[in-house]
Amino acid sequence: MNTFEVPQFLTPVSKYMDEYSAQRLSVRAKSGELVRVRRGLYLPAELWASYKPWEKYRVRIQAVHELACTPPVFARESAAQVMGLPFIGVPRDVQTVVAAGRSGGQSSAGVRRVNAIEGDPTPWKMFGLLLTPPPQTARDLAVQLPLTFALPAMDKLVRQEILPGSPNNTRLNFSQTHVLASAQLLPSKTQRIRVARVVQLADGLSQSPGESWSRALMFLHGFPRPELQQPIYDSRGRIGFPDFNWEEYKTVGEFDGIEKYSAQKYLKGMTPSDVVVAEKKREDRFRARGYKVVRWVWDDLQDPRRLVRLLHEAGLPSKGPKSIGWEP
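These figures come from a predicted structure and were not determined experimentally.

J.: Can you explain the overall build of the protein? Please cite residues and give values.
T.: A tally of helices and strands in the protein yields 13 helices and 14 strands. Relative to its full complement of 328 residues, the protein shows a buried share of 45%. Considering only intrachain contacts with a sequence separation of at least 6, the fraction spanning at least 24 residues in the protein is 59%. Counting every atom, the protein has about 17,000 Å² of accessible surface; 52% of that belongs to carbon and sulfur.

J.: Can you break down the packing of aromatic side chains residue by residue, with the values?
T.: The relative placement of two aromatic rings is captured by the distance of their centres and the angle of their planes. This model, assessed by the stated rule, comprises 9 aromatic pairs. Seen in terms of ring centroids, Phe255 and Trp298 are 5.1 Å apart; in terms of plane orientation they differ by 90°. Their pairing is edge-to-face. Of this pair, Phe255 sits in strand β13 (residues 251-255) while Trp298 sits in helix α12 (residues 298-302), placing them 43 residues apart in sequence. Ring geometry for Phe286 against Tyr291: centres 6.3 Å apart, planes inclined by 75°, an arrangement best described as edge-to-face. We note that Phe286, like Tyr291, is buried. Each member of the aromatic cluster is reached from another via a ring pair, and the members are Phe149, Trp213, Phe255 and Trp298.

J.: Give a description of the packing of helix α5 (residues 134-144) against helix α6 (residues 147-158) that names residues and reports values.
T.: One can describe the packing of α5 onto α6 by two numbers: an axis separation of 8 Å at closest approach and a directional angle of 155°. In terms of their interaxial angle, α5 and α6 are classed as roughly antiparallel. The hand of the α5/α6 crossing is left-handed. When α5 is examined against α6, the residues Pro134, Pro135, Ala138, Arg139, Leu141 and Ala142 are found in contact with a partner set consisting of Ala150, Ala153, Met154 and Leu157. In terms of residue class, the contact of α5 with α6 is made up of 9 nonpolar, no polar and 1 charged.

J.: Lay out helix α7 (residues 176-183) in plain terms, naming residues and giving numbers.
T.: Where α7 is concerned, the buried positions are Val179, Ser182 and Ala183. Each buried residue of α7 sits inside an arc of 105° when the element is viewed along its axis, so together they form one side. Contacts made by the buried residues of α7 are with α5, α6 and α8 (189-201).

J.: Describe the pattern of salt bridges, naming the residues involved and giving the relevant values.
T.: For the structure shown, the criterion picks out 17 salt bridges. Overlapping salt bridges bring together Glu254, Asp256, Glu279, Arg282, Glu283, Arg287 and Arg295 as one network.

J.: How would you sum up the sheet that holds strand β9 (residues 227-228)? Please name residues and give values.
T.: Reading across the sheet, the 4 strands line up as β9-β12-β13-β14 and stay open at both edges, with mixed pairing between neighbours. Either end of the sheet is taken by a strand with one partner, and the two such strands are β9 and β14 (292-296). Bridge count between strand β12 (residues 244-246) and β13: 3 bridges; the pairing is antiparallel. What sits directly across from Trp246, in β13, is Thr251. Each of β13 and β14 touches helix α11 (residues 272-288); the most contacted strand, β14, lies at about 145° to it. Taken strand by strand, helix α13 (residues 304-313) contacts β12 and β14, and its axis lies near 170° from that of β14.

Criteria and thresholds
- Residues numbered from 1 in each chain as written.
- Predicted model: local features only at pLDDT ≥ 70, side-chain atom pairs only at ≥ 80, totals over all residues.
- Heavy atoms only, no water.
- Helix = DSSP H or I, 4+ residues; strand = E, 2+ residues; numbered from the N terminus.
- Buried < 20%, exposed > 50% of the residue type's maximum accessible area, 1.4 Å probe, protein only.
- Contact = heavy atoms within 4.5 Å.
- Areas by Shrake-Rupley, 256 points an atom, 1.4 Å probe, with all protein chains shown as cover.
- Phe/Tyr/Trp six-rings, centres within 6.5 Å; stacked < 30°, edge-to-face > 60°.
- Axes fitted to C-alpha atoms, helices over the stretch in contact; angles between N-to-C directions.
- Parallel < 35°, antiparallel > 145°, perpendicular 65-115°, else oblique.
- Left-handed = near helix turned anticlockwise from the far one by under 90°.
- Nonpolar A, V, L, I, M, F, W, Y, C, P; charged D, E, K, R; others polar.
- Arc of directions from axis to C-beta.
- Salt bridge = Lys/Arg side-chain N within 4 Å of Asp/Glu carboxyl O.
- Pairing = 2+ DSSP bridges.

Spelled out as structure tokens, the structure:
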């Protein structure tokens, strides 16, 4: 997401454009030729329609920045989107920080202003925008979002990879310790405990938001905690690194995102049909070693009952959501 190139807006807000130019843009928007992203900022309708929902959200963030008299500091999902920390879904509002003590938690014209946390470090500047730094952003997502939506960002953070666009001359990767330290600044004990629980579950071996979402649902429904990306071998050598492995139950799990069959970095020169055949051969080798193989897709996460059923059918036990003490 952070590699998305924000387009140049068509705007009358310029000393080179008069009132007549602004009216012409408005007329073009009413005719459907242009889309008004924000007051005075337009894009060609065809271009706007080509964007995925999260790309449109990134454009909206940029529009808020472009029109601000003072550069805003983006927070929560807005900061995460710019810096490349994944989360599930697309927010309704763009989130910005206001100084501690000022009126936060209010929303107007698609912008929600949230209070800064006293003691937080100065903002980072990434891709020309001011953002809450990565540990604080992941912390705030853990406070505000359900576990299923907050864990992907925390997993990515503790992977300790340098995020593209990170500023120079500052710490560029982080661990659970840094997030826990930032959580100590939160005013509420409940919030601090909530962050600590997300941190406890975070695992840098998770390879995608879908895998993180899957693991959150497993936890919330009381399934045994799996090992991630651990190699399994047979007499021919390494079979592969399954997304999830429950060695005690001789079961491996695989989350199938559409990227595996479409994105070139996953195809590695193969066609989608080649990938399907390779996956089938890999599964056969797992089964020959005595493993059960269970697979699921995005739709199975959107209705958690489907994932729960698939895992039960594979023989995995669960304690049920009521015994976990955290909302499903």
